[in-house]
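Chain by chain, the residues:
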Amino acid sequence: MDTRKPLLPDAARRTAAWCAVLLLITGVAAVAIWLCVVLKTAVTPVLLALLGTALLGPVYRWLAVRGVNRSVAAGLTCALLVAFAGGAGYIVVTAFIDTGDQIVRSLKDAAQWVIDHFGVARNTNVNDLVANARKLVEKFGASAAGGLLTGISLVGSLIATGVLALLLTFFFLRDSDRAVKLAHSVAPRGTGDLVEAMGRRAFEAVEGFMRGTTLIALIDALCITVGLLILRVPGAVGLGALVFAGAYIPYLGAFISGAVAVLVALVDRGLVIALWALGVVLAVQVLEGHVLQPLIQSRTVQMHPAMIMIALTAGASVAGVLGMLLAVPACAAAFGILGELRTRNAQDEPPSAPPDPSDG
């Protein structure tokens, strides 16, 4: 019988094992992120197609249940996606074109008001800041664009990405039933059901996030736009469009869009109206946090605000604005997979024996 003592105590060996697991997971995640960055031309349309599929998947299923051909149902759903994205983009861009100059002028006046009243950078003028910012943008824009040819290439790349994402959305919708067979064929033997359950849970989390965020963004934009119109704040429609677009970046987008609305109201309508605008923004945020999110997103994966901010920071560092838009859905999918694994582990654990009444 071997009675030799282990070199390390049991607690140290457990800690070393967990450290090895964490290092392995971190290494795999780092390699996956590196591959996504290197292959971003192919990865971006796939991710956008998954978001579009998650947003309008219920429409496709509703058509398929009613006997519509799968290809026709997928085509109609993609047409609806194009109409929704095009309509929303047209409204947002039109609102920014109509009121963008007024909003920028108000923000410039607000910055000058802050400098004059709070003594921030007394020797600095807003016009100098604007001129320096314009020079910086021109400098980096020239180096990034490299002329008209590069700009045309960028537009062509965006169009190609959009068309590819739309085609992938069509195939994802039409051939969604084959994903289950693919999961069972790719998964190791005996784990097909687990892989299918994790995939379903992750997609349900992304689906709930996209539908809930879109509905909440629409309600927030309408409420804030109506409030600003009642207060006669200039550029109310453009500010409402900014609220709608910023809602897809949780917390940070709402903070920036709300701050812009209050600053515009402060410059053009005075301190009292600015306070009323602040009240409207806060009331909408309270409505969203206590009514809309629990009611609309009650079945989706709930994440702590700190985790969302970390995800936004990581996404911005990896892929800029696009990374910020995709970070939260990716985290929702990851939390959905972890939740499924935790549920499976809880079901596999044997039930604990009841305590013996004879024990003291």
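Here's a quick rundown of the structure. (Residues numbered from 1 in each chain as written. Predicted model: local features only at pLDDT ≥ 70, side-chain atom pairs only at ≥ 80, totals over all residues. Heavy atoms only, no water.)

## Observations regarding the packing of helix 2 (residues 40-65) against helix 7 (residues 192-230)
Next up, step 1: It is the contact of helix 2 with helix 7, at a shortest axis distance of 8 Å, that shows an interaxial angle of 85°. What the angle tells us is that helix 2 and helix 7 run roughly perpendicular. On the side of helix 2, the interface is formed by L50, L51, T53, A54, L55, G57, P58 and R61, while helix 7 contributes F203, V206, E207, M210, R211 and T214.
Next up, step 2: Of the residues contributing to the contact of helix 2 with helix 7, the split by class is eight nonpolar, three polar and three charged. (Axes fitted to C-alpha atoms, helices over the stretch in contact; angles between N-to-C directions. Helix = DSSP H or I, 4+ residues; strand = E, 2+ residues; numbered from the N terminus. Parallel < 35°, antiparallel > 145°, perpendicular 65-115°, else oblique. Contact = heavy atoms within 4.5 Å. Nonpolar A, V, L, I, M, F, W, Y, C, P; charged D, E, K, R; others polar.)

## Quick look at the environment of R61
Next up, step 1: With respect to the element layout, R61 can be found in helix 2.
Next up, step 2: Given a relative accessible area of 40%, R61 falls into the partly exposed group.
Next up, step 3: When the C-alpha positions of R61 and R174 are compared, they lie 9.9 Å apart, and in sequence the two are 113 residues distant. (Buried < 20%, exposed > 50% of the residue type's maximum accessible area, 1.4 Å probe, protein only.)

## Some words on the nonpolar core
Next up, step 1: Membership of the largest hydrophobic core comes to 24 residues, with the highest contact counts inside it found for V206, M210, F244, L312 and V328.
Next up, step 2: Looking at this core, the elements that each hand over two or more residues are helix 2, helix 3 (70-118), helix 7 and helix 11 (305-348).
Next up, step 3: In terms of nonpolar packing, the next biggest core, distinct from the first, is built from 17 residues, I224, L231, A261 and I273 among them. (Core = buried A, V, L, I, M, F, W, Y, C linked by side-chain atoms within 4.5 Å.)

## Notes on helix 2
Next up, step 1: Compared with the 38 Å implied by 1.5 Å per residue over 26 residues, the 35 Å span of helix 2 between its first and last C-alpha is a close match.
Next up, step 2: Along helix 2, the sharpest kink reaches roughly 55°, centred on L56 and followed within four residues by the proline P58.
Next up, step 3: Looking at the residues trailing helix 2, positive phi occurs at G67, about 90°. (Expected span 1.5 Å × (residues − 1). Bend = angle between axes of the 7 residues up to and from the residue.)

## Observations regarding a nonpolar patch on the surface
Next up, step 1: Together, V31, W34, L35, V38 and L39 make up an exposed nonpolar region whose accessible area comes to about 500 Å².
Next up, step 2: Tracing the chain through its elements places L35 in helix 1 (residues 10-38). (Patch = residues over 30% accessible without salt bridge, like charges linked within 9 Å, V, L, I, M, F, W, Y side chains within 5 Å. Areas by Shrake-Rupley, 256 points an atom, 1.4 Å probe, with all protein chains shown as cover. Salt bridge = Lys/Arg side-chain N within 4 Å of Asp/Glu carboxyl O.)

## What about the pattern of salt bridges?
Next up, step 1: Under the criterion given, the structure shown has three salt bridges.
Next up, step 2: In this structure, R174 engages D175 in a salt bridge whose closest nitrogen and oxygen atoms are separated by 3.2 Å.
Next up, step 3: Under the relative-accessibility criterion, R174 is labelled partly exposed at 24%.
Next up, step 4: One salt bridge in this structure joins R211 and E207, with 3.5 Å as the shortest N-O distance. Taken together, the positions of R211 and E207, both in helix 7 and four residues apart, correspond to about one turn of that helix.
Next up, step 5: Residue R211 is classed as partly exposed on the basis of its relative accessible area, which comes to 37%.

## Side note on the packing of aromatic side chains
Next up, step 1: Evaluation of the coordinates by the stated rule reveals one aromatic pair.
Next up, step 2: Look at F170 and F171: their rings are 5.4 Å apart centre to centre, the planes differ by 75°, and that puts the pair in the edge-to-face class.
Next up, step 3: The exposure class of F171 is partly exposed, given its relative accessible area of 38%. (Phe/Tyr/Trp six-rings, centres within 6.5 Å; stacked < 30°, edge-to-face > 60°.)

## Focus: the environment of R66
Next up, step 1: Relative to the assigned elements, R66 resides in the loop between helix 2 and helix 3.
Next up, step 2: Note on R66: relative accessible area 51%, which makes it exposed.

## Overview of the side chain of T169
Next up, step 1: Within the fold, T169 resides in helix 5 (residues 148-174).
Next up, step 2: Taking relative accessible area as the criterion, T169 reaches 3% and is therefore assigned buried.
Next up, step 3: Within polar-contact distance, the side chain of T169 engages the backbone oxygen of A165 at 2.7 Å.
Next up, step 4: Apart from the residues within four sequence positions on either side, T169 is in contact with A49, G52, T53, C78 and L81. (Polar contact = N/O pair within 3.5 Å; in protein donor to acceptor, adjacent residues only side chain to side chain.)

## Quick look at the packing of helix 7 against helix 8 (residues 236-246)
Next up, step 1: Viewed as axis vectors pointing N to C, helix 7 and helix 8 meet at an angle of 160°, and their least axial separation amounts to 8 Å. By the criterion of interaxial angle, the relationship of helix 7 to helix 8 is roughly antiparallel. Along this stretch, helix 7 crosses helix 8, giving a crossing that reads as right-handed. Along the contact surface, helix 7 presents T214, A217, L218, D220, A221, I224, T225, L228 and L229, while helix 8 presents A236, V237, L239, G240, V243 and F244.
Next up, step 2: Taken together, the residues of the contact of helix 7 with helix 8 sort by class into eleven nonpolar, three polar and one charged. (Left-handed = near helix turned anticlockwise from the far one by under 90°.)

Purely spatial values, then, with no claim about function.
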